Amino acid sequence: MPSEGGLLDRFVDWLPTTLFFKRAASWILVPYWAHKTPVKPLPGGPHPSFEHGDNVQCMMNLIMPLKVKSPIGRAEAALAIAQNKDAIYAGLNNVGTVHFARFVIVGDNICMFSVYDGDFTNYIRDFIATIGSVFNAVVALVEDGEDVTPCEKNVDAFIQWIHERDLYQVPDTATDFLRDQEALNGDTAMSGNHDDLTLLPRKLVLQLRANPNVSLGNGYRAYPGFSAAQVRERLELGW
Amino acid sequence: MSAMVKLADLQGNILRGYTKKPHVRYLILEVANPAAARRWLAASTSGRSDGVPQITSGDWGASKPDTCFNIGLTYEGLRTLGTPSASLEMFPNEFIEGMTARALKLGDVGPSAPETWPAPFNEPKRIHLIATIYAEQPEQLNDVQKRALADTSAVTLVGTREGYSFPDDRVHFGYRDNIMQPRFEGVHDADRYADGQPKAPLGTVLLGYRTNLEGLRWRVPEPEELGHNGTFNAFRVLKQDVAGFEAYLDQAADELLKQPQAVGELLPPGAEAKIGKVFSIEGVTPRSALREVVAANLCGRWRDGTPLALSADVPDPELVKAANFDYVGESRCPFGAHIRRSNPRGGKIVQRVANNSRRLVRRGVPYGPAYDRTQPRQLEPERGLLGNFIGANLGAQFEAMSCDWLNLGLQDPRLTGSNDALTGANGTDSSWFDLPLKSGSTIRLRGLPRFVSTQGGAYAFLPSLRAIRYLGSLTT
């Protein structure tokens, strides 16, 4: 808390802002906390909701580490997407609930970012039914991908595998984040005194240690949510 | 019979409706002692005529059984019985998590939320086994129940639910139900029901077969005798507010009467008399006819069963069981009608790949006394439907239909953002339903209250006879 106290108080308040303190906290304090209170990674994808507006234009942020971590591996991933471009468009057309999908290579990860309508499992299952071969071609290049391919014969396991690689969407408010954490642990009590929201909450630090890649928020829309088919219909593009 | 599936290995309630046995009782059971419960399961397929009732299979041979008896096992039930963990892990997530964990997908919110469910559904982990008795006479239910519960060391009764099929397959809102079920490839049906829909692959309703989604197969829990020929059931206790439904029909009819042009389109010359002839509680008046028009549009069938897709202006006594229609072209069945939302058949939908892929076998029976519109009571007793929604993959069928089609209306941009008006989580301030007019325009009905609320349920695995023997023989 802000203090108007003496020299010692001001010193203590100043200490966490120093680079030395931040490094020491990262190397010593955070591992110690993590050891004392293990934190499970929070699940990825949109927060479950019954509200109609929350169930259109949902985000998927998939980060998949490539098996071959080199320019060769990255080039293989780029080719896998390029060679399947037509199938991807055909899939978008037949599934009908996707606004857009992007593939991005970041470091040695192939990432798929998409905006879709409705239930996540239905979205992935419909894609498996439409262009499962594309998923198989891409996932073959990804660590542990062989566990769930061919996706057509491992439907539920494949959907779960994708879900596990979909980034956790950190709520915009720290209190919502803490509720997520408590729900994961089946903890119905209110957060304890480690969660002063004016500081970096310990649970947030530990979650970001367990779950280093996250999405901040669930996307900021410039207009209310519409389904892809509603947009197509209003623009008279056919749906 | 079938060349592809051995009916004697299937539980009979999967492909048969037991229509001659109108009395149905559900025994909600908890395993008391796993070893004794396994012996109970083994006894249920032993072929003995005394002791534990025998599971009714899909092959009745020469003689019809006097009563039928079938079981479903929850994940907790399978686990408690000692099913190996490697097998348990092969069951789908939604089954492992159970129905209460899937509340948001199913629209079980507000008055339907699992936290509000009465016993025994308030303790889902104690629900291990759901046994169902089907009988011609109510006293037979007691006899079978007595035999099922005789060994108190095996199973404990934690609750019952009981229903009775009304004449003409009517259900509480007054509609004729049970008109059709999917027809399956490789299963004999003597072409009794020409329904204008392709035969569903067996994998729609049984584990171990080709599904409707090309190239996709659902994982069959191993060992093979456990999973093969099994399927899943979403058992639902669905409370129906019939007085509220009838009151809404009054309200909607009064609103429509204020719009003479709409009345003219909804009631072409002669329609009022024809509608009044079938539904004559209030005599032949425009208001009573409009009530039926609204009821018909919300469902997609007139209350006598006539599909709007075949006869949109008036009910037709020749079509009360008609099933041979589709929604292609300019169908007069509303996009949002319950039967169209839950099964869009070959009609155009956003998720083109999903046409015909989310079909379910439905087995429902009303519970509670029939509503008497001429003698409404101050406090109506609870009534509703005990529903079974059976499919080989609850996630791909029951949940996909509930979540994206019934609750979100994703299949048609003209529906998106609305829920199923008949069965969904209506809110009087937000729900709407577009009533189509002959001219092609629509009238938006608003202020629909919630007519159906969930009062319990569970996801159950319906094991094959071979699987029941396997479970009965576990020694863990």
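Conventions used here
- Residues numbered from 1 in each chain as written.
- Chains lettered and ligands numbered in written order.
- Predicted model: local features only at pLDDT ≥ 70, side-chain atom pairs only at ≥ 80, totals over all residues.
- Heavy atoms only, no water.
- Domains from an automatic or database assignment.
- Contact = heavy atoms within 4.5 Å.
- Buried area = accessible area lost by both parts, 1.4 Å probe.
- Salt bridge = Lys/Arg side-chain N within 4 Å of Asp/Glu carboxyl O.
- Polar contact = N/O pair within 3.5 Å; in protein donor to acceptor, adjacent residues only side chain to side chain.
- Nonpolar A, V, L, I, M, F, W, Y, C, P; charged D, E, K, R; others polar.
- Helix = DSSP H or I, 4+ residues; strand = E, 2+ residues; numbered from the N terminus.
- Buried < 20%, exposed > 50% of the residue type's maximum accessible area, 1.4 Å probe, protein only.
- Phe/Tyr/Trp six-rings, centres within 6.5 Å; stacked < 30°, edge-to-face > 60°.
- Lys NZ or Arg CZ within 6 Å of the ring centre and 35° of its normal.
- Expected span 1.5 Å × (residues − 1).
- Arc of directions from axis to C-beta.
- Pairing = 2+ DSSP bridges.
- Axes fitted to C-alpha atoms, helices over the stretch in contact; angles between N-to-C directions.
- Patch = residues over 30% accessible without salt bridge, like charges linked within 9 Å, V, L, I, M, F, W, Y side chains within 5 Å.
- Areas by Shrake-Rupley, 256 points an atom, 1.4 Å probe, with all protein chains shown as cover.
- Disulfide = S-S within 2.5 Å.

(A) Just the domain arrangement of chain B, in detail. Residues and elements named next belong to chain B. Splitting chain B by domain gives domain 1 (7-238 + 457-473) and domain 2 (240-350 + 409-455). A straight line from the C-alpha centre of domain 1 to that of domain 2 covers 32 Å. On the domain 2 side, the residues contacting the 23 residues of domain 1 number 30 residues. Together domain 1 and domain 2 conceal approximately 2300 Å² of surface at their shared face, both sides included; 56% is due to carbon and sulfur atoms. Where domain 1 meets domain 2, there are 0 salt bridges. On the surface where domain 1 and domain 2 come into contact, there are 16 residue pairs in polar contact (both at pLDDT 80 or more). Residue composition of the side of domain 1 that touches domain 2, grouped by class: 12 nonpolar, 6 polar and 5 charged.

(B) Highlighting the interface of chain B and chain A. At the junction of the two partners, chain B supplies 38 residues and chain A supplies 31 residues. Roughly 2900 Å² of surface becomes buried between chain B and chain A when both sides are summed, with 59% attributable to carbon and sulfur atoms. In this structure, the connection of chain B to chain A is made through 2 salt bridges. A salt bridge links D126(A) to R358(B); its shortest N-O distance comes to 3.5 Å. Scanning the region where chain B abuts chain A turns up 15 residue pairs in polar contact (both at pLDDT 80 or more). Secondary structure elements with two or more residues in the side of chain B that touches chain A: α6 (103-106) and α14 (395-407) of chain B.

(C) Representation of the environment of V30(A) within the structure. Residues and elements named next belong to chain A. Counting through the fold element by element, V30 comes out in helix α2 (residues 19-36). Taking relative accessible area as the criterion, V30 reaches 12% and is therefore assigned buried. Along the primary structure V30 and V205 are separated by 175 residues, whereas in three dimensions their C-alpha atoms are 7.7 Å apart. The residues contacting V30, other than those within four sequence positions of it, are A25, V205, L206 and R209.

(D) Representation of the packing of aromatic side chains within the structure. Following the criterion strictly, the structure yields 29 aromatic pairs over all chains and no others. Centroid distance Y164(B) to F166(B): 6.4 Å. Interplanar angle 65°. Geometry classified as edge-to-face. Put simply, the rings of Y116(A), F120(A), Y123(A), F127(A), F135(A), F158(A) and W161(A) touch in pairs and so form one group of aromatic residues. Directly above the aromatic system of W60(B) lies the positively charged group of R16(B), at a separation of 4.0 Å from the ring centroid. Here the guanidinium or amino end of R345(B) rests over the ring plane of F325(B), the centre of that ring lying 3.8 Å away.

(E) Summary view of helix α3 (residues 71-83) of chain A. Residues and elements named next belong to chain A. In a regular helix each residue adds 1.5 Å, so 13 residues correspond to 18 Å; α3 covers 18 Å between its end C-alpha atoms and thus fits that length. Along α3, the residues classified as buried are G73, A77, A80 and I81. Seen along its axis, α3 keeps its buried residues to an arc of 95°; they face one direction. In α3, the exposed positions that point more than 90 degrees away from the buried face belong to P71, I72, L79, A82 and Q83.

(F) Seen up close, the sheet that holds strand β1 (residues 58-65) of chain A. All names here are of chain A. A sheet is described by the order of its strands in space; here 3 strands give the open sequence β1-β3-β2, paired in antiparallel fashion. Only two strands of the sheet have a single partner each, and these edge strands are β1 and β2 (98-106). For this sheet, the mean angle separating the axes of adjacent strands, direction not counted, is 15°. Looking at chain direction, β2 and strand β3 (residues 109-116) are connected through 8 bridges and run antiparallel. Bridge assignment links V104 to a residue of β3, and that residue is C111. Packed onto the sheet, α3 meets β2 and β3 and runs at close to 160° relative to β2. Contacts from helix α5 (residues 120-139) reach β1, β2 and β3 within the one sheet, and its direction differs from that of β3 by about 145°.

(G) Representation of the pairing of β1(A) within the structure. Residues and elements named next belong to chain A. Taken across its 8 residues, β1 has 7 buried, putting it largely inside the fold. For β1 and β3, the ladder comprises 8 bridges, and the chain directions are antiparallel. From the neighbouring strand, M64 faces β3, where its bridge partner is I110.

(H) Examining the pattern of salt bridges more closely. Residues and elements named next belong to chain B. Under the criterion given, the structure shown has 34 salt bridges over all chains. A salt bridge links E162 to R25; the shortest N-O distance between them is 2.6 Å. Note that E162 is positioned in strand β4 (residues 155-164) and R25 in strand β1 (residues 23-31), a separation of 137 residues in sequence. Taking relative accessible area as the criterion, R25 reaches 9% and is therefore assigned buried. For R291, the salt bridge is made with E246, and the minimal N-O distance between the two is 2.6 Å. Residue R291 is located in helix α12 (residues 286-299), and its partner E246 is located in helix α9 (residues 242-257); the two are separated by 45 residues in the primary sequence. The pair formed by R291 and E246 is uniform in burial state, with each residue classed as buried. A single salt-bridge network, built from bridges that share partners, covers E246, D250, D254, R287, R291, E292, R303 and R373.

(I) Fine view of the side chain of N55(A). Inspection of the secondary structure assignment puts N55(A) in the loop between α2 and β1. The residues contacting N55(A), other than those within four sequence positions of it, are S49(A), F50(A), D117(A), G118(A) and L408(B).

(J) Up close: a nonpolar patch on the surface. Residues and elements named next belong to chain A. Together, L8, F11, V12 and W14 make up a nonpolar patch on the protein surface, roughly 450 Å² of accessible area in all. One can find V12 in helix α1 (residues 7-14). Accessibility expressed as a relative area gives 46% for V12, which makes it partly exposed.

(K) Looking closely at unusual backbone geometry. All names here are of chain B. That bond from A119 to P120 is cis: its omega, 5°, falls within 30 degrees of zero. Within the secondary structure, P120 is located in the loop between α6 and β3 (129-135). The residue after E222, namely P223, is reached through a cis peptide bond having omega 5°. Assignment of secondary structure puts P223 in the loop between β4 and α8 (224-227). With phi around 50°, R345 is a residue other than glycine that occupies positive phi space.

(L) Up close: the state of the cysteines. Scanning the model with the defined rule gives 0 disulfides over all chains in all. Just so you know, C111(A) is unpaired, no disulfide at all, and the nearest cysteine sulfur is the one on C151(A), 19 Å from it. A residue is classified by how much of its surface remains accessible, and C111(A), at 1% relative accessible area, is buried. Free of any disulfide, C299(B) has its nearest neighbouring cysteine sulfur in C333(B), separated by 8.4 Å. On the basis of relative accessibility, which here comes to 7%, the residue C299(B) falls in the buried class.

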